[in-house]
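Each chain, letter by letter, is given below.
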Amino acid sequence: MKKHFKIVGSFKPLSDKLQALKAAKDTAESVEDAEAKETLSHSEKSLVLSLAIKIADLGHLRAPALVHRAFTTCLLNEFYNQGDQLRELGREVGPMFTRSPECDIPDQQRGFFEVFALPLASCWTQIADSRWYADIEENYLMWGKDIIKFKKKNEAENG
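Predicted, not measured: the structure shown is a model, and the values here were computed from it. (Residues numbered from 1 in each chain as written. Predicted model: local features only at pLDDT ≥ 70, side-chain atom pairs only at ≥ 80, totals over all residues. Heavy atoms only, no water.)

K.L.:
Help me understand the packing of helix H3 (residues 42–57) against helix H5 (residues 105–127), please; the structure alone is not making it clear to me.
P.N.:
Geometry of a packed helix pair, given as the angle between the helix axes and the separation of the axes. Running from N to C, H3 and H5 point in directions that differ by 120 degrees, and their axes come no closer than 10 Å. Taken together, the axis directions place H3 and H5 in an arrangement best described as oblique. In terms of crossing hand, the pair formed by H3 and H5 is left-handed. Residues Val-48, Leu-51, Ala-52, Lys-54 and Ile-55 of H3 touch H5, and the partners they reach there are Leu-120, Cys-123, Trp-124 and Ile-127. (Axes fitted to C-alpha atoms, helices over the stretch in contact; angles between N-to-C directions. Helix = DSSP H or I, 4+ residues; strand = E, 2+ residues; numbered from the N terminus. Parallel < 35°, antiparallel > 145°, perpendicular 65-115°, else oblique. Left-handed = near helix turned anticlockwise from the far one by under 90°. Contact = heavy atoms within 4.5 Å.)

The structure is reproduced here in structure tokens:
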């Protein structure tokens, strides 16, 4: 995730170039003419591959809601187990790795979608499968509904 913002930020100019190349290829007179117009630098190809790897890593975000929710639960348990191990070693444990009944998981997930997933999906849909953004947005909206449920539950429990 360290390079996430750099990759996403660098992608807009490349997306414009890819769209221009596609348009040029679509209007090419011959195969040779089309091949001559397909020019990406090594760093541009690397950027597309970096984006593809990030998309693959976050593929569960576009899964049906039940699958995505189960995957998220597994990830959170992995984080909590890591936090338990860090605590046993006497090391500092960040809030993401701390088990807490007050933890607002839906709100955390919405934040993750807003900062990481939706901008990434927006980049990907410019060059590949246009359904990515819509699928991810569907789960983003699901977490929004869960925020309301979470807050109502806390209000009922806390008076």
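K.L.:
Help me understand the pattern of salt bridges in this model?
P.N.:
Any two side chains of opposite charge can pair if their charged atoms end up close together. All chains considered together, the criterion is met by three salt bridges. Of the charged contacts, one joins Asp-84 and Arg-99 as a salt bridge, the two residues approaching to 2.9 Å between their closest N and O atoms. With Asp-84 in helix H4 (residues 65–88) and Arg-99 in the loop between H4 and H5, the pair connects residues that are 15 residues apart, well separated along the chain. Among the residues examined, Asp-84 registers a relative accessible area of 25% and is labelled partly exposed. Via salt bridges that share partners, Asp-84, Arg-87 and Arg-99 belong to a single interconnected network. (Salt bridge = Lys/Arg side-chain N within 4 Å of Asp/Glu carboxyl O. Buried < 20%, exposed > 50% of the residue type's maximum accessible area, 1.4 Å probe, protein only.)

K.L.:
Any chance you could explain the packing of aromatic side chains here in plain terms?
P.N.:
All told, the structure shown has three aromatic pairs when counted by the stated rule. Ring geometry for Phe-79 versus Phe-97: centroids 5.4 Å apart, planes at 65 degrees, classification edge-to-face. In this pair, Phe-79 is assigned in helix H4 and Phe-97 in the loop between H4 and H5, connecting sequence segments 18 residues apart. By relative accessible area, which is 23% here, Phe-79 ends up partly exposed. Between Phe-112 and Phe-116 the ring centres are 5.3 Å apart and the planes differ by 35 degrees, which places this aromatic pair in the tilted class. (Phe/Tyr/Trp six-rings, centres within 6.5 Å; stacked < 30°, edge-to-face > 60°.)

K.L.:
Any chance you could explain the nonpolar core here in plain terms?
P.N.:
A general feature of soluble globular proteins is that nonpolar side chains tend to end up buried together. Counting residues in hydrophobic clusters, the biggest one holds 23 residues, and the most contacted among them are Phe-11, Leu-14, Leu-51, Leu-61, Phe-113, Leu-120 and Ile-136. Contributions of two or more residues to this core are made by helix H1 (4–26), H3, H5 and helix H6 (131–158). Of the residues forming this core, the biggest block, seven residues, is contributed by H5. When near neighbours in sequence (up to four residues on either side) are disregarded, Leu-120 contacts His-4, Val-8, Leu-51, Lys-54, Ile-55 and Leu-58. (Core = buried A, V, L, I, M, F, W, Y, C linked by side-chain atoms within 4.5 Å.)

K.L.:
I keep staring at H3 and nothing clicks. Help me out?
P.N.:
Look at H3: 23 Å from first C-alpha to last across 16 residues, which is about the 22 Å you get at 1.5 Å a residue. Taken together, the buried positions of H3 are Glu-44, Leu-47, Val-48, Leu-51, Lys-54 and Ile-55. Projected onto a plane normal to the axis of H3, the buried residues spread over an arc of 125 degrees and lie on a single side. Among the exposed residues of H3, those pointing more than 90 degrees away from its buried face are His-42, Leu-49, Ile-53, Ala-56 and Asp-57. (Expected span 1.5 Å × (residues − 1). Arc of directions from axis to C-beta.)

K.L.:
Looking at this model, I keep getting lost on H4. Mind explaining?
P.N.:
Compared with an ideal rise of 1.5 Å per residue, which puts 24 residues at 34 Å, H4 spans 34 Å between its outermost C-alpha atoms and is within 8% of the ideal. Those residues of H4 not exposed but buried are His-68, Thr-72, Leu-76, Tyr-80, Gly-83 and Leu-86. Phi for Gly-90, located one or two positions after H4, is positive at around 75 degrees.

K.L.:
Is there a simple way to explain the environment of Arg-99 in this structure?
P.N.:
Assessed through its relative accessible area of 41%, Arg-99 is described here as partly exposed. Those residues in contact with Arg-99 that sit more than four places away from it in its chain are Asn-77, Tyr-80, Asn-81 and Asp-84. Reaching out from Arg-99, the side chain makes a polar contact with the side chain of Asn-81 at a distance of 2.6 Å. Separated by 2.9 Å, the side chains of Arg-99 and Asp-84 make a polar contact. (Polar contact = N/O pair within 3.5 Å; in protein donor to acceptor, adjacent residues only side chain to side chain.)

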